[in-house]
Amino acid sequence: MALNLPIYMDNHATTPCDPRVFEAMRPFFIERFGNAASRNHQFGWQAEEAVENARKQVAELIGVSPKEVVFTSGATESDNLTIKGVAENYRERGNHIVTVITEHKAVLDSCKRLEKYGFKVAYLPVDSEGLISPDDVKAAITDKTILVSVMMANNEIGVIQPIAEIGKICREREVLFHTDATQGIGKIPFNADELNVDLASMTAHKIYGPKGTGALYVRRKNPRVSLASMMDGGGHERGMRSGTLNVTGIVGLGKACEIAGEEMASENERLLTLREKLRKGIENGLPDVSINGHLTKRLPGNLNVSFAHVEGELLLTSLNDIAVSSGAACTSTSIEPSYVLKAIGVSDELAHSSIRFGLGRFNTEEEVDYAIGRVVETVRKLRELASVWEASAKTGI
Ligand SMILES: *Cc1c(COP(=O)(O)O)cnc(C)c1O
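Because the structure is predicted, anything quoted here is derived from the model rather than measured. (Residues numbered from 1 in each chain as written. Predicted model: local features only at pLDDT ≥ 70, side-chain atom pairs only at ≥ 80, totals over all residues. Heavy atoms only, no water.)

### Some remarks on the overall build of the protein
Scanning the protein from terminus to terminus reveals 12 helices and 15 strands. Relative to a compact globule of 397 residues, whose C-alpha radius of gyration would be 21 Å, the protein shows 22 Å and is just as compact. The principal-axis extent of the C-alpha atoms belonging to the protein is close to 80 × 55 × 40 Å. Across the 397 residues that make up the protein, the buried fraction comes to 55%. In the protein, 73% of the contacts between residues at least 6 apart in sequence involve partners at least 24 apart. Taken as a whole, the protein presents about 18,000 Å² of accessible surface, with 53% of it coming from carbon and sulfur. Separation between the mean location of the 45 positive side-chain charges and that of the 52 negative ones in the protein comes to 4 Å. (Helix = DSSP H or I, 4+ residues; strand = E, 2+ residues; numbered from the N terminus. Rg over C-alpha atoms; globule rule 2.2 N^0.38 Å. Buried < 20%, exposed > 50% of the residue type's maximum accessible area, 1.4 Å probe, protein only. Contact = heavy atoms within 4.5 Å. Areas by Shrake-Rupley, 256 points an atom, 1.4 Å probe, with all protein chains shown as cover. Lys, Arg positive; Asp, Glu negative; His and termini not counted. Charge placed at Lys NZ, Arg CZ, Asp CG, Glu CD.)

Structure follows, in structure tokens:
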């Protein structure tokens, strides 16, 4: 079978919309365009019914009541709403938040914003495999702590944090526990009660749904979480998120959750086999490669690899028919090594020559075979060139 190039292996950045999700969304663009808040006619009722059906699909996947699901524009908004909404409503109880240095920027920058307004934030470190220690969380909680926020699975190195243990600690200390579960929900089992999670962020476009729609789980009892809204207006979503609902996107999110729940077990097995094939193919083909992040406490589709003795940018441009991410991000002024790789002790130089592979639902074994061949061949060639260059620089030829 012929391969379609370029190959997409960047499924932690976003995923294609599953055609089944798109088909579920289709009628809501044109025929069923109603506003879910319109109470006086069938157009509104149809839209509302679709939204409530999607709410059930989301709730089912994460083991909560549909009333505890708030639709948002994505995980960035869900993270912001959580951190700023808890900060505002629990201010009297305390001004302290506990989080982790490898969190997504949506969490870190929300916390930084709060620091400007007098909040204190503990940014916990991770070990060399990317894991945080529940004991560190326990030690960081003070009588002023109102929120602990720890991501479920990391978007760069795929590491899965000990959410259940941290949840237990937070419950004992009566501190609210939020998890940015954007990379976890739909990919690994999640149950809010079992994990003692009070708030959880998710987004459709990382689980084969559309961009621009997400959700926040907000616990309604034991304890009942109170959130200040960021968007004020018509009082949609029980006052927590005003604004006309994105019915089409919400239908897509619901369908994406339904499919993820049904296919999770078999898909995980398939992805793990592909990921391990990719890992072994690269490791067997090349010396001086290292895998970043814990090997087994890890999303099945994630592989993050550092290649010593190659120039990072050159590596990425040479692999132009495989869409992957590098261990560095462009800012307005420079190329910065990933703060997540830095946090696990990867040197700046090695971070620059790191690649994140994100395998997903539509990747095939042929694509993985192709990627192994291209990566091994490219790194070998670049290393040879580099050593010829170095030798000639030394001898002055
Ligand atoms: C992608 C991602 C986000 C942001 O989600 P959006 O829906 O794009 O705003 C937040 N957290 C994590 C862990 C992510 O991977």
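From this point on, the discussion continues.
### Quick word on the packing of helix H2 (residues 42–62) against helix H8 (residues 247–285)
Running from amino to carboxyl end, H2 crosses H8 at an angle of 30 degrees, the nearest separation of the two axes being 8 Å. The angle between H2 and H8 places the two elements in the roughly parallel class. By crossing handedness, the relation of H2 to H8 is classed as left-handed. When H2 is examined against H8, the residues Ala47, Ala50, Val51, Ala54, Gln57, Val58 and Leu61 are found in contact with a partner set consisting of Val247, Ile250, Val251, Leu253, Gly254, Lys255, Cys257, Glu258, Ala260, Gly261 and Met264. In the contact of H2 with H8, the residues fall into 13 nonpolar, 3 polar and 2 charged. (Axes fitted to C-alpha atoms, helices over the stretch in contact; angles between N-to-C directions. Parallel < 35°, antiparallel > 145°, perpendicular 65-115°, else oblique. Left-handed = near helix turned anticlockwise from the far one by under 90°. Nonpolar A, V, L, I, M, F, W, Y, C, P; charged D, E, K, R; others polar.)

### Things to note about the packing of aromatic side chains
Enumeration over the complete set of coordinates arrives at 2 aromatic pairs. On the basis of an interplanar angle of 80 degrees and a centroid distance of 5.8 Å, the ring pair of Tyr208 and Phe362 is categorised as edge-to-face. Note that Tyr208 is positioned in the loop between strand S7 (199–203) and strand S8 (214–218) and Phe362 in the loop between strand S15 (354–358) and helix H12 (365–395), a separation of 154 residues in sequence. Exposure remark for Tyr208: the relative accessible area of 8% places this residue in the buried category. Sitting above the plane of the Phe119 ring, Arg91 keeps its charged end 4.3 Å from the centroid. (Phe/Tyr/Trp six-rings, centres within 6.5 Å; stacked < 30°, edge-to-face > 60°. Lys NZ or Arg CZ within 6 Å of the ring centre and 35° of its normal.)

### A word on the pairing of strand S2 (residues 69–72)
Every second residue of S2 is oriented toward a common face, with Val69 and Phe71 on one face and Val70 and Thr72 on the other, all of them buried. Alignment of S2 against S8, held across 4 bridges, turns out to be antiparallel. Following the sheet pairing, Phe71 is matched in S8 by Ala215. (Pairing = 2+ DSSP bridges.)

### Structural notes on the side chain of Asp79
For Asp79, the location among the structural elements is in helix H3 (residues 75–89). The residues touching Asp79, leaving out its near neighbours within four places in the chain, are Ala106, Val107, His178, Asp180 and Ser201.

### Concerning the sheet that holds strand S3 (residues 96–100)
Spatially, the 7 strands line up as an open sheet ordered S2-S8-S7-S6-S5-S3-S4, and their pairing is mixed. Each having just a single partner strand, S2 and strand S4 (120–124) make up the two edges of the open sheet. Mean inter-strand twist for the sheet, computed between neighbouring axes without regard to direction, equals 20 degrees. Of the strand pairs in this sheet, S7 and S8 are connected by 5 bridges, and their pairing is antiparallel. Bridging from a neighbouring strand, Met202 pairs with Ala215 of S8. Running at roughly 115 degrees to S2, H2 makes contact with S2, S7 and S8 of the sheet. On top of the sheet, H3 reaches S2, S3, strand S5 (145–149), strand S6 (176–180), S7 and S8; it is set at about 160 degrees to S7, its chief contact.

### Some thoughts on the site of the ligand
The environment of the ligand is made up of Gly74, Ala75, Thr76, His104, Met151, Asn155, Asp180, Thr182, Gln183, Thr203, His205 and Lys206. The backbone of Ala75 places a nitrogen or oxygen atom 3.0 Å from an oxygen atom of the ligand. Thr76 is positioned such that a nitrogen or oxygen atom in its side chain is 2.5 Å from an oxygen atom of the ligand. Relative to its unbound accessible surface of 380 Å², the ligand loses 87% to contact with the protein. Considered class by class, the residues forming the shell around the ligand number 2 nonpolar, 8 polar and 2 charged. (Near = heavy atom within 4 Å. Polar contact = N/O pair within 3.5 Å; in protein donor to acceptor, adjacent residues only side chain to side chain.)

### Some details on the environment of Met231
Counting through the fold element by element, Met231 comes out in the loop between S8 and H8. Overall, Met231 belongs to the partly exposed group, its relative accessible area being 41%. Separated by 11 residues in the primary sequence, Met231 and Ser242 have C-alpha atoms spaced 5.4 Å apart. Excluding its chain neighbours within four sequence positions, the residues that come into contact with Met231 are Arg241 and Ser242.

### Overview of the nonpolar core
Phe71, Val148, Phe190 and Leu253 are the most contacted members of the largest nonpolar core, which totals 66 residues. In contact with Leu253, other than residues within four places in its own chain, are Val58, Phe71, Met202, Thr203, Ala204, Ile207, Pro210, Thr213, Gly214 and Ala215. In terms of nonpolar packing, the next biggest core, distinct from the first, is built from 26 residues, Val305, Leu359, Val368 and Leu382 among them. (Core = buried A, V, L, I, M, F, W, Y, C linked by side-chain atoms within 4.5 Å.)

### A look at the sheet that holds strand S9 (residues 289–291)
Taken together, the 4 strands give an open sheet; going across it, the order is S9-S10-S15-S12, and neighbouring strands pair in antiparallel fashion. Among the strands making up the open sheet, the edge pair consists of S9 and strand S12 (325–326). Sitting on the sheet, H8 touches S9, strand S10 (302–307) and S15, and the angle it makes with S10 is about 10 degrees.

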